[in-house]
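# Reading the structure
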Amino acid sequence: MTAYLLRRVAFGLVLLVVMSTITFFLVFSGTERVAANILGETASNADIAALTQKLGIDRPLLVQYGDWVGNAVQGDLGDAWTTTGSVTEILARRMPVTLSIVSTAILVMAVVSAILGIVAAVRGGWADGLIQVISIVGFAIPNFWLGLMLVVLFALNLQWLPATGYVSFTSSPSGWLAAVTLPVTALVLSGIASASQQVRGAVIDALNQDYVRTLKARGVNMRSILFRHALRNALPAALTVLSVQFVALLGGAAIIERVFAIPGLGELTVRSAVIGDVPVLMGVVVTMIIVVIVVNLLIDVMNAWANPKVRLQ
Amino acid sequence: MTDISSTQQVSTQALKRTSFLWSVLRNPLGLLATIILLVVLLTAIFAPAVAPFDPSHVEIFKVNVAPSSDYWLGGDGSGRDIFSRLVYGARNTLVGASIAVAVAALIGVTGGLAAGYYGRILDVASSWVADGLMALPAIIVLLAFFQALGSSIHLSMAVFGIMLSPGFFRLTRSLVRSVRNELYVDAARVSGLSDFRIMWRHILLVIRAPVVIQASIVAGIAIVIQAGLEFLGLGDASIPTWGGMLQDAFDNLYVAPISVYWPGLAIAITVGSLVLLANVIRDRMQQGDAPPKVSRLPKPEPKPSPISSVSDDTLLDIRDLVVGYPGKGEWKQVVKAVTMSVKRGEIFGLVGESGSGKTQTAFAVLGLLSKGGRILSGSITFDGIDLTALSASQMHALRGKRIAYVPQEPMSNLDPSFRIGWQLVEPMVSVLGISQAEAKERALALLARVGLPHPERVFQCYPHQISGGMAQRVLIAGAVSCKPDLLIADEPTTALDVTVQAEVLELMRDLQAEYGMSIILVTHNFGVVADMCDTVAVMRDGAVVETAEARKLFAAPGHEYTRMLLDSVLEDPDTRTYSPPKEASA
Amino acid sequence: MTAPLIECEKVNTFFGTFHALKDVNLTIRPGETVGLVGESGSGKTTIGRAILGIGPVTSGRISFEGQDIAGVVPRNRKGDAARIQAVFQDPYTSLNPSMTIEDILTEPVVARRLASKDDARAQVRTLLDQVALPADAAHRFPREFSGGQRQRVAIARALALHPKLIVCDEPVSALDLSTQARVLDLFIELQERTGVAYLFVSHDLAVVRHISHRVAVMRSGEIVEFGECDQVTAHPEHPYTQRLLLAAPVADPVRQQERREAFLSLGKEA
C-alpha cells in the first residue's frame, strides 16, 4: 500500500516536471510581442526594448528556464508582468475562490449522481428515464451557455440571485451561498450527466456478480447486499469517475468564472492568456497540476481502502 | 464458380452492414439525430446559398434589433445578421470538431492498438502519458498555450485533439487487450498471420463500432470546448463562430438577452444529436442482450396448486413446475412441468446436459431465478410450505436458514472486498440472530470442520489470497453454517481439479451424514452422480425424462435418452494401438 | 522404430520467477496421439503453446523433423513446421464472431500464401465435408452454430494447412457429454485418414485414454510419468498418477464405491 502510494506520488512529480517544462517552453517562446502588448500601440521601440530587457525575455530560453526552476523550487514563481505583486501572492488570493466553487460542485455532483445512479440501477423506471434524458441534455448544453441562461432567468428576470460577483464564505456565509448557487449549478450539470450514468453502470455490474446470488441464498438482506456489498464493489469505478470529473470541473470553472465575473484562478488564466502575462500562466498551470495530484492521491487512498487487492499489493 | 461465391460473400457482408445502418435509422431517435446532423452538415457546406446576408455585413441601425422579416433572428451587437452568422458558424464548428476528432482518433487508436497488443514497456509508457494528459484540465492548457498557438482555432483544436486522445487510447487498449486474449487471435498467430494482419483483420473488426461511438462523443466535446474558447475571446474575431456569437450576446446581455439563445441552441442541438446517435448505436449493438418487456407478455395463468398429500419423509415436493423467461411475445419455458420429490436425508442428483433446465429448477426452489424469470405454474412444497405462495420476505426468511446453496464457481461467489471471516459471520448474525463474537467462534469451528488447515489465517484472508478448492470449502462452510434442511449444490465441483473434487465430494458426504440434511446435487457428470446420489432425475430440454434410484438407473436405465447419455460416458476397455502412417514409414 | 515427428528436450520455461516447465522431455511420432494429462497449473497448456510457437521457451530444444523450432514464432517457421496447427478449448472464443466460416477457413491458407483466395475458397467445401458440416455453413457466422459444430469448424480450420501435427488444448472439455464423444470420434477418424499426429492436452483421464497411443502425466511443470496409454491410464506406476486415476469418479455406483475407498486410503497428498 505504501509502495502503491509512493508510486502515485512519483507519477505526480514526473507529471509536474514534464508539464511545467513543456508549458514553459511553449509560453516563453511566444514572448516577442509581449512587451508591445503590455505597453500598448503608442509605445516607442526603445520603450519596448527596455521593457523586454527588464522582463528578462531577451535572454536565451534555457537560461530563463534555469532561473525559473531555481526560484520555483524555493516557492518563488516570480512577479506578474501586468499587475503588481508576486505570482504566489496573486495565486494565494485567487485559489480559495476557485477551490470553494469546484469543491462545492464536486460534492453536489457526487451526491446527486450517486443517488440518481443507485436509484436507476436498483429501481429502473423513472430514475432510469431521467438519467437518460440528463445524460443527453447535460452533455449537449455547454456550461457557460447554461450559466448565461441562468443569469437571464434568475438574475435579470426573477432577480432572486446576484448575476455576478463573489463573497467569501468567511465574510458572509449567506452571501457566499447566493453567489455560488448559479455558478455551481451551471458547472455540475454535465458532470452529473456522465457520472450518474457511470454510477448506474457500476452498481448494475456489482449487482450482477455471482456472489450477490450467493449472499441472497445465505439469507443476507437486500439492504446489506446493496449498501454493504454492491456499493463497496462499485466504489472504485465511481472514484475513477470522480477524479476525471474533478479535472473537468477545474477546466469548466475557467469559463464559468468569466460568465459570473468571479475573481478566481480561471478568470485569472483567461486574462493572463489574452494579454500574455507569462509568469502568471506558469503559476496557474503549476498550481492546477499540484491540486490535481493532491486530489488524485486522496482518491487513491480511498480506492485502496475500498479495494483489498490494491491495498495488499 | 469462384466469382459467384465471392459476390455472394460480398453481398452477405453488405447486407449485414446495411441492415445495421437501417436499424439505426429505423429507430425514431436515431433517424431524428441523423437528419439534424445532415442538415447541419449541408448548411455548413452550402452556407453562401443558405445565408441571406454576408456574415460580416453590418447595418448600423440594426444593432441588437429584435427578430424581423429582414434579420430573422435579430441583429448582433455590431448590427450583423444573427441567422447568417449562425449558418457560417456551422462551417467553422464542424471543421474544428473534425480536426479534434481526427487527431484524437489517430493518436489514440494507434497508441491503443500498439500498447494493447504488444504490452510491456510500451504499454506502461503510453499509459503514463495518457494518465498525464487526462490529469490536466484541457481548457487551462489551451489557455496557457494561447500565446504560442496564436488565434488560429484550428491549431488549438489540434492540440485539443491530443488532449482528448487518451479517451480513444484507453478504449482501444482495453478492447485490444480483451480481444488479444481471445483464442481466435491465438489461432490466427498459429496460422502464421503477421501482427499487422491480426490487428487489421481481427482487432479492427471488433473495435470499429466502439470507436465510432467514441468519435461521436468526442466530436460533441470538441464543439463545446471550441465554443468555450471562442466565448472567452480566444478565437479569430473576423470569423463568425457560435462561441464568438455567444460572447457578443453576453456583452449585450442587458440590451438583447434573447440573442443568447440562438448560438447556444445551435450548439446544444448539434451536440445532442451526436450523443443521441452514439446512444442509439450503442443500444443497437447491445440489443441482443436486452430482454423484451415483461408487460407486453401474456400474464401467466395462476393455476391453483394442489396441496398434495405427501408422506412425512418427503422434504421437498415439486409438482408440474413450469419456469419461463420473457421471449418474443410469449414466455419461453425453460422448465416444463417438472415433478420430483426429495426425501429427508437423501442426496438427490439432478443430471442433464447444458440447457436441460436442471439449474433453473434448482434456482426456482431457492427463489433466485435470474432477472425476468418467473414460476408460471406448478408448486414447490418444502416441508409442508408451498414456496410458490410465499412472499419475497417469507422466502427470504427460509433462505440460508433452512435452504442453502453451494455455487459452481467458488472464486466469483465470494465478495472480493471482504475478508472470508466476515462473509461467514455476517449471514450467521443476520439469520440466527447471534452475537458477532459467537458467530466468529462458530465460523472458526466450521472452517476447521471443512478441512482448512489454518482456520484463523483463512478467517483473516481476502478471497484472492486463497485457492479455488479452499474457496469452495469456505462456501460449503457458509452453506451449512445455519444447519439447513436442504442444500442445493449447483455443479459444486465442476470448476475444481479432479483430486480436489474427490476431497470436496467426500466433505459434502460427511457433512450430509453429520447434519442429516438433504442435498440436491445438480451435475452433468455421471461419475459424480454414481459417487454421491441416492436418487437421480435425468433432465432433457426442461423436462424430467426419468427418475430412479441411483443403482437401478446405472444398472438398467429406463429411458433411451438416459441410455444414450450413459453410452457416451467414455470407458474404454482397450486402448488404441499405434501404427505409423504409410508415408512416414515408407 | 519410427523417427519422432517432434522431440522436446529439456524444455524449461520461466514466467518471471515462476518455473512453469521443468526439463520437459516429450516425443511424438508421426500419426500418433500423445495425451498430456494434468491438473490446472501443471504446465500442460504451456508446453502446447511452446510447441505452437505462441508461448515462451527459456531453454531447451524443440525439434520438428530435425528443425529446432523452440521460440520461433509461427510465421517465421519453415516447411512442415509452419503447418503445425491448434484446436483450442473454448469453441465460443476460438472463432472470430464477425467473420464468416469461409473467412475463418481460408485465413490460414491465404496468410501462408499457399493458395490464392479463390483456390482457398474452393477448398472450403471439402474441409466442411471432412468435419461433417453442411456446405451451406460457409456463408454463416459462428454464432449460428452450437458448441459442437463450432469445434468442428475449428478442426476444419486446423486441417486447412494439411498439418502433420495438431496441438489440441482441452478441445472437448467445454462440450456436452454426447457431443464430446462424437467430436473425439471425428478426431480419431481424421487421424486414421490423414496420418496427422495429435498432442492432446486434457485434464480428463478417460478422454485421454479414449484417443491416445501414449500418455504423459504432468504435475507442477514436470512430466512425472510417460508411457503406453493402457499402462499409464489403467496401471500407473507413479503415485500422483494413481491418485489422479482414483480421484476421477466412474459412472457406476458399485465400482465407484470401491474406487472411492481406494482413493481415501491413499490419504492426503504428500
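All of these numbers come straight from a predicted model, not from anything done at the bench. (Residues numbered from 1 in each chain as written. Chains lettered and ligands numbered in written order. Predicted model: local features only at pLDDT ≥ 70, side-chain atom pairs only at ≥ 80, totals over all residues. Heavy atoms only, no water.)

### Description of the sheet that holds strand E6 (residues 403-406) of chain B
Residue and element names in this part refer to chain B.
- Strand order in the open sheet formed by 6 strands is E6-E7-E8-E3-E9-E10, and the pairing between neighbours is mixed. At either end of the open sheet lies a strand with only one pairing partner, and these are E6 and strand E10 (543-549). On average, each strand axis in the sheet is tilted by 20° relative to the strand beside it, whichever way the strands run.
- With 5 bridges connecting them, strand E7 (residues 486-490) and strand E8 (residues 518-523) associate as parallel partners. Bridge pairing in E8 places Leu-486 opposite Ser-518.
- The strands touched by helix H18 (residues 468-480) within the sheet are E6 and E7, with E6 carrying the most contacts at an inclination of about 175°. (Pairing = 2+ DSSP bridges. Helix = DSSP H or I, 4+ residues; strand = E, 2+ residues; numbered from the N terminus. Axes fitted to C-alpha atoms, helices over the stretch in contact; angles between N-to-C directions. Contact = heavy atoms within 4.5 Å.)

### A closer look at a nonpolar patch on the surface
Residues and elements named next belong to chain B.
- Residues Leu-38, Leu-41, Leu-42, Ile-45, Phe-46 and Val-50 make up a contiguous nonpolar surface patch of roughly 530 Å² in combined accessible area.
- The element best represented in the nonpolar patch is helix H2 (residues 28-45), accounting for 4 residues.
- Locating Ile-45 in the fold gives a position in helix H2. (Patch = residues over 30% accessible without salt bridge, like charges linked within 9 Å, V, L, I, M, F, W, Y side chains within 5 Å. Areas by Shrake-Rupley, 256 points an atom, 1.4 Å probe, with all protein chains shown as cover. Salt bridge = Lys/Arg side-chain N within 4 Å of Asp/Glu carboxyl O.)

### Concerning the arrangement of the chains
- Contacts are most numerous between chains A and B, taken over all 2 pairs of chains that touch.
- There is a clear gap between chain A and chain C: no contact, and 17 Å between their nearest C-alpha atoms.

### Brief notes about the nonpolar core
- Counting 167 residues, the largest nonpolar core has Phe-28 and Ile-289 of chain A together with Phe-160, Phe-168, Ile-203, Phe-231 and Ile-267 of chain B as the members making the most contacts within it.
- It is helix H10 (residues 195-231) of chain B that provides the largest number of residues to this core, a total of 17 residues.
- Ignoring any residue separated from it by four or fewer positions in sequence, one finds Phe-28 of chain A in contact with Ile-57, Leu-61, Gln-64, Trp-81, Val-278 and Met-282 of chain A.
- Membership of the second largest hydrophobic core comes to 58 residues, among which are Val-351, Val-425 and Val-504 of chain B together with Ala-251 of chain C. (Core = buried A, V, L, I, M, F, W, Y, C linked by side-chain atoms within 4.5 Å. Buried < 20%, exposed > 50% of the residue type's maximum accessible area, 1.4 Å probe, protein only.)

### A word on the pairing of E7 of chain B
Residues and elements named next belong to chain B.
- Taken across its 5 residues, E7 has 5 buried, putting it largely inside the fold.
- Along E7, one buried face is formed by Leu-486, Ile-488 and Asp-490 and the opposite face, lined by Leu-487 and Ala-489, is buried too.
- The pairing of E6 with E7 spans 4 bridges and is classified as parallel. In the strand pairing of E7, Val-406 is matched with Ala-489.
- Read from E7 through helix H19 (residues 498-515) to E8, the crossover connection turns out right-handed. (Right-handed = clockwise from strand over helix to strand, strands pointing away.)

### Thoughts on the pattern of salt bridges
- Under the definition given, this model contains 44 salt bridges over all chains.
- For Arg-402 of chain B, the salt bridge is made with Asp-485 of chain B, and the minimal N-O distance between the two is 2.6 Å. Here the residue Arg-402 of chain B occupies a position in the loop between helix H14 (392-398) and E6, and Asp-485 of chain B occupies one in the loop between H18 and E7, the gap between them amounting to 83 residues.
- Note on Arg-402 of chain B: relative accessible area 22%, which makes it partly exposed.
- Across the pair Asp-252 of chain C and Arg-255 of chain C runs a salt bridge, and its minimum N-O distance is 3.5 Å.
- With a relative accessible area of 38%, Arg-255 of chain C lands in the partly exposed category.

### Description of the packing of helix H5 (residues 87-123) of chain A against helix H10 (residues 222-259) of chain A
Residues and elements named next belong to chain A.
- It is at 8 Å that the axes of H5 and H10 come closest, and there the two elements cross at 140°. Comparing their axes, H10 and H5 come out oblique. Where H5 crosses over H10, the two elements pack in a sense that is right-handed. For the pair H5 and H10, the contacting residues are Thr-98, Val-102, Ala-105, Ile-106, Met-109, Ala-110, Ile-118 and Val-122 in the first and Leu-226, Leu-231, Leu-242, Gln-245, Phe-246, Leu-249, Leu-250, Ala-253 and Glu-257 in the second. (Parallel < 35°, antiparallel > 145°, perpendicular 65-115°, else oblique. Left-handed = near helix turned anticlockwise from the far one by under 90°.)

### Here we look at the side chain of Glu-32 of chain C
- Structurally, the position occupied by Glu-32 of chain C is in the loop between strand E2 (18-28) and strand E3 (33-37).
- In this view, Glu-32 of chain C contacts Tyr-578 of chain B together with Thr-27, Gln-191, Val-196, Ala-197, Tyr-198, His-213 and Arg-214 of chain C; residues no more than four positions away in its chain are not counted.

### Points about the interface of chain A and chain B
- Facing the 65 residues of chain A at the interface are 71 residues of chain B.
- With both chains or domains summed, chain A and chain B bury close to 6200 Å², and 72% of this area falls on carbon and sulfur atoms.
- The largest contributions to the chain A side of the interface with chain B come from Phe-139, Arg-213 and Arg-218 of chain A, which together make up 13% of the buried area.
- Scanning the region where chain A abuts chain B turns up 1 salt bridge.
- In this structure, Glu-426 of chain B engages Arg-228 of chain A in a salt bridge whose closest nitrogen and oxygen atoms are separated by 2.8 Å.
- In this assembly, chain A and chain B are joined by 17 residue pairs in polar contact (both at pLDDT 80 or more).
- Contributions of two or more residues to the side of chain A that touches chain B are made by helix H1 (2-29), helix H6 (125-140), helix H7 (143-157), helix H9 (210-217), H10, helix H11 (265-275), helix H12 (278-306) and helix H13 (308-311) of chain A.
- For the side of chain A that touches chain B, the leading source of residues is H10 of chain A, giving 13 residues.
- Here the side of chain A that touches chain B is composed, by residue class, of 42 nonpolar, 13 polar and 10 charged. (Buried area = accessible area lost by both parts, 1.4 Å probe. Polar contact = N/O pair within 3.5 Å; in protein donor to acceptor, adjacent residues only side chain to side chain. Nonpolar A, V, L, I, M, F, W, Y, C, P; charged D, E, K, R; others polar.)

### Quick word on the interface of chain B and chain C
- Listed as interface residues are 60 residues of chain B and, on the opposing side, 77 residues of chain C.
- Interface area, chain B with chain C, both sides summed: about 6100 Å², of which 55% is carbon and sulfur.
- Summed over the shared surface of chain B and chain C, the number is 7 salt bridges.
- Here Arg-260 of chain C ties to Asp-531 of chain B by a salt bridge, and the two come within 2.7 Å at their closest N and O atoms.
- In this structure, the connection of chain B to chain C is made through 25 residue pairs in polar contact (both at pLDDT 80 or more).
- Broken down by secondary-structure element, the contributors of at least two residues to the side of chain B that touches chain C are helix H1 (2-26), helix H9 (183-190), H10, H19, helix H20 (526-532), helix H21 (550-555), helix H22 (560-568) and helix H23 (582-585) of chain B.

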